[in-house]
Every structure is written in structure tokens, then in C-alpha cells.
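Okay, here's what each chain looks like letter by letter:
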Amino acid sequence: MKTSAVTGLRCVRCSRVYEEQPDLYTCLDCGIAGILDIEYDYDRVRVELNGETLASNRDANIWRYLPVLPIGRNARLPRLQLSLTPIYEAPALARELGLAGLLIKDEGRNPTGSFKDRASAIGVTRATELGRTTISVASTGNAASSLAGFAASMGLQAFIFVPETAPEAKITQLLVYGATVFTVRGSYDQAYYLAMDAAQAFGWYNRNCAINAYLVEGKKTCGLEIGEQLRDNLPDVVAVAVGDGCTIAGIGKGLVEMKELGITDRVPRLLGVQAAGAAPIATCYRQQQSYALAPTFQGSAAATLVPVEARTVADSIAVGQPRNATKAMRAVAATGGDFITVSDEQILAAIPRLARATGVFAEPAGAAALAGVIAARAAGLIGSHERVLVVATGNGLKDIKSARKAVGQPHMVAPHLADVRAVLMAMAASV
Ligand SMILES: *Cc1c(COP(=O)(O)O)cnc(C)c1O
Ligand SMILES: [Zn+2]
């Protein structure tokens, strides 16, 4: 019996609609480019998910949005908790940047330390619903550590492919959670294709977000949350770091659905932020806009996406061959938003700036979203009267090596008060 409000899966390229079926990942006509998008009967959803039901729902986690998730009512849910993440005001930093308001949504607080937990929670639930006992993913790092954690909580076996250059902390997470880990001598893009082949060859459930439409539904819970948490007080712009593109697409979908469900009355503009050394989506979007086609972007239009060799300190968005560019560009275009690129220096500088203004320590990709806001404000893409929400997608402890590049050294002292005094005097003299 069908217990979710899913009506079908639509190809973003040719619009063919499919019924739900266990091993359908991409469109049978379009192949790998035919990413699917899950559709719902919103009239049915609205009965169970509206302002009133939300107000009386005491579950402060993503399962409060179950009526608009592709999960059956009787599904076994992961024990690992995905609580709602806080949104902080940063008034002083807003003033410095010439903004009417700056909000930070701290996704580093999720159980394994990144936004990816939202997708993994759906992935392991879906795999379990389908009776699968193994699940696999290729990842720049966070999707992997997240999947490993959620697989552990559900008793699934996880097979993980990461580039050998992934930060130490993320690889350690994988091993601690008991996943089978393959560090691939190659780029993330190569790890991705290897994982795809392996999942097919060995029959694993594939958690790769780009091709598994169910995962993006997990990512959209961030947009649903923003809508519910801010309602009448929505920001004008929501800034998100972009690698493959599923994160921004998911957040956009959640924000649109909150309006669809009558909980909010508008949708903020999305600002996609890419690292200058890995910016194929931003480049393509800009090109598309110059043909004045962006507002009606349908994914197969004039500008073609040119893959690059990704080079950036922000490992989580070091994607040269993005798999979800179409969904990302459509989501941004639908909101009248834009893409911007930032240098590694700008990304690193944003780490202590964010931490000192809010207490939120973000990894480079998380801080990149703030760097993008600073750049967009300077470029006039964001006005001084506007309020902006930055999604800080990952925890800073995941990559301390990069963070150390952005800050000074501690004061080394002998265990004597005199040494401390000398340092303080030197500090006082230098101001
Ligand atoms: C994965 C990730 C992103 C980007 O998500 P995509 O879906 O690849 O665009 C941004 N920030 C962090 C911390 C991530 O782990
Ligand atoms: Zn298709």
C-alpha cells in the first residue's frame, strides 16, 4: 500500500514521469543526464502539513515534515537524531557588510557535522524500506562520513569511495563508524564514477545524491526549516555553497514547498557560491544569462556546462564535473537569484570572520557562502536594505588544517606568570 504523498518522479530533462520503483535512479530515455525530481500531491500533503499541524507538532526534528517526504508512514526511522538547526542573527557583521540583516543557519551541528546528514537520513531509511542491507556513496568527504554514521545507526553496511586527498578528519570519521573505505587515487570525479560502477556491479543501494532523487528530498528539509523558523520574517537572499548542486536545489525546493503549503508567502532569492577554482555551474549560469535565457532555464538550453579540473581549498565543493547542475540552475533561476565565485583567500578569510561574529566555526565550504555574500554585496547583487541568510553547511573541526591558514599563532609561554605578563605588555604596546 502506498503511504506517502509521492505521485511520481519527473525527468528534469525530458519531463517523462515515472512511478516509484526500487532501482530507478535516472531517466531511461536521457540516461545519466536525466536526473529525476520527486513530485507530490500537495493537496493531500496540505491536510497533514500546515501551519496548525506544525504548531502542535512537538517533534523538533526533520520527521515533522514526513508528509512531504518520500518515506512511508510505517518506515523504520534512524535513531540518530536530526534536530532542527539554529539560526543566529549577526547584527554587528551585518552592519560591517552594509546589510540590513545577516542570519547564519548552523548545519555543523548535525550528528556527523554537516548538512549531508539530512540526505543520509533519507537514504538509509529508503534503503531499509526496500529491504537492502548495503549502501554506497562517493563523496568529497561529508556525504561519506554522514552516510557512514547513519548506516551505523541503522545497522547497514556502508561502502565508501573518497578521493585520497579528503581531509584526515573526514576519513577518520568513516573508519570510526565502521564503513568499508576506498580512498581513490584520483579526483572526486573519478571516485564518483568508480562508485557508480561498483554499486551496479555489487548490487549496493546508491546514496549518490546527484542520481538518487530521494536524497535531495532530505536536503530540502533545510529549506522547509528555514520557512518554518522565519515565516513572515524570511530573508531576501539565501546563500549556499555549490559543488554538485544538490544542496542548493534541495534548499530551493523546500523553500518553494513552504510557500506551496501556505506557510510562507514568498521565496527568497538563492545565491549559489562556487570556489573560483571549481566553478563550472556559475560559469554556465552566467553565460546562460548573457543569452537572457536564465529566467526560463530548462536545462538543455543554449549554454553548455564545461567541466573543469577542480582546484580549491574548500574540498566539499571541489567538484569539476557537477552532476546536478540542471537542478541547481533551475532552482536559482526560479527565484531570480544568481551565482558568484570566490577565491580561496576569500574563503579562508571568511572562516574566522564568521566564527568571531557568531561563535559558528565552519569548514571552508561553509564559510564560502559568507564569502560569496561579501562578494555579492560588493558587486551590487545584494542591496543595503536586504537581509541575507547564510547556510553554514559544515563544521570547522572537519578541516582544521585549512582553518589554521586563516589565523595567527598562539603565544608560547613557560608555565610562569612573567611570560604571560610579557606577552600582554607586548600586545598593549603594539596597539
Ligand atoms: C556537499 C557540500 C556542499 C555542496 O553541496 P552540493 O550538493 O555538492 O552542491 C557544501 N558544503 C558542504 C560542507 C558540503 O559538504
Ligand atoms: Zn528524460
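Residues numbered from 1 in each chain as written. Chains lettered and ligands numbered in written order. Predicted model: local features only at pLDDT ≥ 70, side-chain atom pairs only at ≥ 80, totals over all residues. Heavy atoms only, no water.

### Focus: the site of ligand 1
Residues in contact with ligand 1 amount to 16 residues; listed here are only the nearest, K116, G243, G245, T247 and T393. Separating an oxygen atom of ligand 1 from a side-chain N or O atom of N142 is a distance of 2.8 Å. The separation between an oxygen atom of ligand 1 and a polar main-chain atom of G245 is 2.8 Å. Protein contact buries 97% of the 380 Å² of open area that ligand 1 shows by itself. For the shell around ligand 1, a count of residues per class yields five nonpolar, seven polar and four charged. (Near = heavy atom within 4 Å. Polar contact = N/O pair within 3.5 Å; in protein donor to acceptor, adjacent residues only side chain to side chain. Areas by Shrake-Rupley, 256 points an atom, 1.4 Å probe, with all protein chains shown as cover. Nonpolar A, V, L, I, M, F, W, Y, C, P; charged D, E, K, R; others polar.)

### Here we look at the environment of I251
Mapped onto the secondary structure, I251 falls in helix α9 (residues 246–260). Sequence separation between I251 and V267 is 16 residues; the distance between their C-alpha atoms is 11 Å. Excluding anything up to four places from it in sequence, I251 contacts F115, K219, K220, C222, G223, I226, V238, V240 and V391. (Helix = DSSP H or I, 4+ residues; strand = E, 2+ residues; numbered from the N terminus. Contact = heavy atoms within 4.5 Å.)

### A word on the packing of aromatic side chains
For the structure shown, the criterion picks out nine aromatic pairs. Ring centres 5.3 Å apart and planes at 35° place the aromatic pair F202 and W204 in the tilted group. By relative accessible area, which is 57% here, F202 ends up exposed. Residue classification places W204 among the buried residues on the basis of a relative accessible area of 11%. Each member of the aromatic cluster is reached from another via a ring pair, and the members are F159, F161, F182, F202 and W204. Here the basic side chain of R126 rests over the ring of Y214, its NZ or CZ set 4.0 Å away from the ring centre. Geometry around Y192 places R323 over its ring, the cationic atom sitting 3.9 Å from the centre. (Phe/Tyr/Trp six-rings, centres within 6.5 Å; stacked < 30°, edge-to-face > 60°. Buried < 20%, exposed > 50% of the residue type's maximum accessible area, 1.4 Å probe, protein only. Lys NZ or Arg CZ within 6 Å of the ring centre and 35° of its normal.)

### Re the sheet that holds strand β1 (residues 6–11)
An order of β2-β1-β3 is seen for the three strands of this open sheet, with the pairing classed as antiparallel. A strand with exactly one partner marks an edge of an open sheet, and here the two such strands are β2 (17–18) and β3 (36–40). Pairing geometry for β1 and β2, over two bridges, is antiparallel. Looking at β2, one finds that L9 is bridged to Y18. (Pairing = 2+ DSSP bridges.)

### Digging into the coordination of the zinc ion (ligand 2)
Around the zinc ion (ligand 2), the protein contributes the donor atoms C11 (SG), C14 (SG), C27 (SG) and C30 (SG), at 2.3 Å from the metal centre. What the four donor atoms of the zinc ion (ligand 2) show is an angle range of 107 to 112° at the metal, which sorts the shape as tetrahedral. Binding-site remark: the zinc ion (ligand 2) is held by donors from one chain whose sequence spacing is C-x2-C-x12-C-x2-C. Residue C14 is found in the loop between β1 and β2, and its partner C27 is found in the loop between β2 and β3; the two are separated by 13 residues along the sequence. Classification of C14 as partly exposed rests on a relative accessible area of 36%. Its relative accessible area of 2% is what places C27 among the buried residues. (Donors = N, O, S within 2.8 Å, 3.2 Å for Na, K, Ca; no water. Tetrahedral: all angles 85-135°; square planar, octahedral: opposite > 155°, others 65-115°.)

### Focus on the nonpolar core
The nonpolar side chains of a soluble globular protein tend to be buried with one another. The biggest cluster of nonpolar side chains holds 70 residues, and the ones touching the most others in it are L36, Y40, V68, I135, I160 and F161. Setting aside anything within four residues of it in sequence, one finds I160 in contact with V137, A144, L147, L174, A179, T180, V181 and F182. Among the nonpolar cores identified, the runner-up in size contains 39 residues, and I104, L348, A350 and I382 belong to it. (Core = buried A, V, L, I, M, F, W, Y, C linked by side-chain atoms within 4.5 Å.)

### Brief notes about unusual backbone geometry
You will see that S15, though not glycine, has its phi angle at about 70°, which is positive. Relative to the assigned elements, S15 resides in the loop between β1 and β2. One non-glycine residue, R231, lies in positive phi territory at about 35°. You can see R231 is positioned in the loop between α8 (213–230) and β10 (237–241). Judged by its relative accessible area of 28%, R231 falls in the partly exposed class.

### Some points on the sheet that holds β10
Overall, mixed pairing links the six strands, which are arranged β4-β5-β13-β10-β11-β12 in an open sheet. Pairing within the sheet leaves two strands with one partner each, and these edge strands are β4 (87–89) and β12 (338–342). Taken over all neighbouring pairs, the strand axes of this sheet differ in orientation by 25° on average, direction set aside. Note that strand β5 (residues 101–106) and strand β13 (residues 387–392) share six bridges and pair parallel. Looking at β13, one finds that K105 is bridged to V391. (Axes fitted to C-alpha atoms, helices over the stretch in contact; angles between N-to-C directions.)

### A closer look at a nonpolar patch on the surface
On the surface, a cluster of nonpolar side chains totalling about 450 Å² of accessible area is made up of V413, L417, V420, L424 and M427. The residue L417 is located in helix α15 (residues 417–430) in this model. A relative accessible area of 60% places L417 in the exposed class. (Patch = residues over 30% accessible without salt bridge, like charges linked within 9 Å, V, L, I, M, F, W, Y side chains within 5 Å. Salt bridge = Lys/Arg side-chain N within 4 Å of Asp/Glu carboxyl O.)

### So, the pattern of salt bridges
Under the definition given, this model contains 24 salt bridges. Where R10 meets E39, a salt bridge forms, and the shortest distance between an N and an O atom there is 2.7 Å. Highlighted residues: R10 in strand β1 and E39 in strand β3, separated in sequence by 29 residues. For R10, a relative accessible area of 31% gives the class partly exposed. Its relative accessible area of 24% is what places E39 among the partly exposed residues. Note that R323 is salt-bridged to D244, the shortest N-O span being 3.5 Å. Highlighted residues: R323 in the loop between α10 (280–290) and α11 (325–334) and D244 in the loop between β10 and α9, separated in sequence by 79 residues. R323 sits in the buried class, given a relative accessible area of 10%. When its relative accessible area of 13% is taken as the criterion, D244 is described as buried.

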